[in-house]
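# Commentary on secondary and tertiary structure
For reference, the chains in residue letters:
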Amino acid sequence: MTGPRSPIPDPDRDDREAIISVRGLVNRFGEQVVHDGLDLDVRRGEILGVVGGSGTGKSVLMRSILGLRTPDAGRIEVLGVDARAGDAQSRLHIERNTGVLFQDGALFSSLTVGENVQVPLKEHNPELPDSWRYELALLKVKLAGLPADAIDKLPSQLSGGMRKRAGLARALALDPPLLFLDEPTAGLDPIGANAFDHLIRTLQQALGLTVFLITHDLDTLYAICDRVAVLADRKVVAVGPLPEIENLDHPWVREYFNGPRGRAAREAGNRESGVGNR
Ligand SMILES: Nc1ncnc2c1ncn2[C@@H]1O[C@H](COP(=O)(O)OP(=O)(O)O)[C@@H](O)[C@H]1O
Ligand SMILES: [Mg+2]
């Protein structure tokens, strides 16, 4: 099943284990307060869509969860360890168990797609023979929906959509249970974006992934997200299934969901039983 989730809440789902738990998060840059007492849980096995206006701190939240930025205050637990601890063992645990597709893609431009995918494998499994590593990279390239011959191409030889898939292949290199995607469909045309959404949903179901998905793409929300968290006013102002969120009485939410783009995406989501139309 790849369609939008039923709006009827499943009573079992509220008890799901939190794979990520953020409490009282504070992030400041000089005078600027980006997060001020932010709380959020990500449940095992869900696709959580994270939305909010530009500059509301979505990427900073992701970096804090990954332990790439030390917040000014708050508690963050990821896969049972303290992301703030900063000790080598916790770092390794988070690194080994998370795949990340950063906002800018961030592939090494001088390495082929295959070499890019092998970077985390080399770092975490140095004992693997080269031929195995190549085979594993090939598997991930195919899993990400790229043709096999993409493995020997440079990022500059690929289209934008293919580069995103290459980044996804690298994010999946270590078979992580937890996947972070920062604006993965930004810059893709509607058909490419739709296909990428579909791929994420398929992989999430086949591999049992938990996905933290930052997006401002309304179609993505309607097509594949189980729940949505809204960042505004320096915190998560609401989190829940879309039908709850879209009726929220908050100025940003009203404007976002009830503008013409919101209406179109909702209608497409309702019409389609597969991935939403664009
Ligand atoms: N390294 C940094 N130094 C200073 N300011 C930063 C840094 N990273 C992010 N910011 C600021 O924090 C705010 C939130 O950034 P970001 O998380 O990237 O927003 P978005 O929600 O668009 O992803 C922005 O105003 C940004 O300018
Ligand atoms: Mg961002």
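Residues numbered from 1 in each chain as written. Chains lettered and ligands numbered in written order. Predicted model: local features only at pLDDT ≥ 70, side-chain atom pairs only at ≥ 80, totals over all residues. Heavy atoms only, no water.

### Examining the coordination of the magnesium ion (ligand 2)
The cut-off we apply is this: Metal donors were taken as nitrogen, oxygen and sulfur atoms no farther than 2.8 Å from the ion, or 3.2 Å where the ion is Na, K or Ca. Water is excluded, so coordination may look unfinished. Helix numbering and strand numbering both begin at the N terminus, where a helix is a DSSP run of H or I of at least 4 residues and a strand a DSSP run of E of at least 2. Relative accessibility decides the category of a residue: with a 1.4 Å probe and only protein chains considered, values under 20% of the type maximum give buried, values over 50% give exposed, and everything between is partly exposed.
Within the protein, the atoms that donate to the magnesium ion (ligand 2) are Ser59 (OG) and Gln103 (OE1), at distances of 2.1 to 2.6 Å. Note that Ser59 is positioned in helix α1 (residues 58–65) and Gln103 in the loop between β6 (98–101) and α3 (113–124), a separation of 44 residues in sequence. We classify Ser59 as partly exposed; its relative accessible area is 24%.

### Comments concerning the packing of α3 against helix α4 (residues 130–143)
Defined as follows: Note on method: axes are straight lines fitted to C-alpha atoms, helices fitted across the in-contact stretch only, with angles between N-to-C directions ranging 0 to 180 degrees. Crossing handedness follows the turn of the near helix against the far one: under a right angle anticlockwise gives a left-handed crossing, and clockwise gives a right-handed one. Contacts are assigned to residue pairs with any non-hydrogen atoms lying within 4.5 Å of each other. Residue classes follow a fixed rule: Ala, Val, Leu, Ile, Met, Phe, Trp, Tyr, Cys and Pro count as nonpolar, while Asp, Glu, Lys and Arg count as charged, and any other residue, Gly among them, counts as polar.
Look at α3 against α4: their axes get within 9 Å of each other, and the N-to-C directions meet at 115°. By crossing handedness, the relation of α3 to α4 is classed as right-handed. Of the residues in α4, those in contact with Val113, Gly114, Val117, Gln118, Leu121 and Lys122 of α3 are Arg133, Tyr134, Leu136, Ala137, Lys140 and Val141. When grouped by side-chain class, the residues that make up the contact of α3 with α4 number seven nonpolar, two polar and three charged.

### Some details on the environment of Asp152
Stated precisely, the cut-off is as follows: Polar contact is the term for a pair of N or O atoms within 3.5 Å; when the atoms are in protein, one must be able to donate a hydrogen and the other to accept it, and sequence-neighboring residues count only if both atoms are side-chain atoms.
Locating Asp152 in the fold gives a position in the loop between α4 and α5 (160–171). The spatial distance from the C-alpha of Asp152 to the C-alpha of Thr220 is 30 Å, given a sequence separation of 68 residues. Beyond its immediate chain neighbours, meaning those up to four positions away, Asp152 contacts Thr112 and Tyr134. A polar contact is formed between the side chain of Asp152 and the side chain of Tyr134, at a distance of 3.5 Å.

### What to know about the pattern of salt bridges
To keep things clear, this is the line we draw: By salt bridge we mean one thing: a side-chain nitrogen of Lys or Arg within 4 Å of a carboxyl oxygen of Asp or Glu.
All chains considered together, the criterion is met by nine salt bridges. In this structure, Lys140 and Asp175 form a salt bridge, with 2.3 Å as the shortest nitrogen-oxygen distance. Within this pair, whereas Lys140 is found in helix α4, its partner Asp175 is found in the loop between α5 and β7 (178–182), the two being separated by 35 residues in sequence. Residue Lys140 is classed as buried on the basis of its relative accessible area, which comes to 3%. For Asp175, a relative accessible area of 59% puts it in the exposed group. Of the charged contacts, one joins Arg201 and Asp226 as a salt bridge, the two residues approaching to 3.2 Å between their closest N and O atoms. In this pair, Arg201 is assigned in helix α6 (residues 190–207) and Asp226 in the loop between α7 (218–224) and β9 (227–232), connecting sequence segments 25 residues apart. The pair Arg201 / Asp226 is uniform in exposure class, with both members buried.

### As for α5
Operational definition: What a helix should span is 1.5 Å times the count of its residues minus one.
With twelve residues, α5 should reach 16 Å at 1.5 Å per residue; the first-to-last C-alpha distance of 17 Å fits that figure. All of the buried residues in α5 are Lys164, Arg165, Ala166, Gly167, Leu168, Ala169, Arg170 and Ala171. Contact partners of the buried residues in α5: β6, α3, α4, β7 and α6.

### Examining unusual backbone geometry
Despite not being glycine, Asp175 has its phi angle at roughly 55°, a positive value. Of note in the backbone geometry, Arg234 takes a positive phi value of approximately 70° without being a glycine. Structurally, Arg234 is set in the loop between β9 and β10 (235–240). With a relative accessible area of 43%, Arg234 lands in the partly exposed category.

### A short note on the packing of α3 against α5
Rules: Roughly parallel means an angle under 35 degrees; roughly antiparallel means over 145; roughly perpendicular covers 65 to 115; every other angle is labelled oblique.
The N-to-C vectors of α3 and α5 enclose an angle of 30°; their axes lie 8 Å apart at closest approach. Taken together, the axes of α3 and α5 are roughly parallel relative to one another. Seen from above, α3 lies across α5 with right-handed handedness. Residue-level inspection shows Val113, Asn116, Val117 and Pro120 of α3 in contact with α5, the latter providing Ala166, Ala169 and Arg170. Grouping the constituent residues of the contact of α3 with α5 by class yields five nonpolar, one polar and one charged.

### Overview of the sheet that holds β10
Which entries qualify depends on this criterion: Strand pairing is assigned whenever DSSP detects at least two bridges linking the two strands.
Taken in spatial order, the six strands of this open sheet run β6-β7-β8-β3-β9-β10, and their pairing is mixed. The open sheet terminates on both sides in strands that have one partner only, identified here as β6 and β10. With strand direction ignored, the average angle separating the axes of adjacent strands in the sheet is 15°. As paired strands, β7 and strand β8 (residues 210–214) are joined by five bridges and run parallel to one another. Looking across to β8, one finds that Asp182 is bridged to Ile214. α1 contacts β3 (47–52), β6, β7, β8 and β9 of the sheet and is inclined by roughly 150° relative to β8. Against the sheet, α5 touches β6 and β7, its axis set at about 165° to β6.

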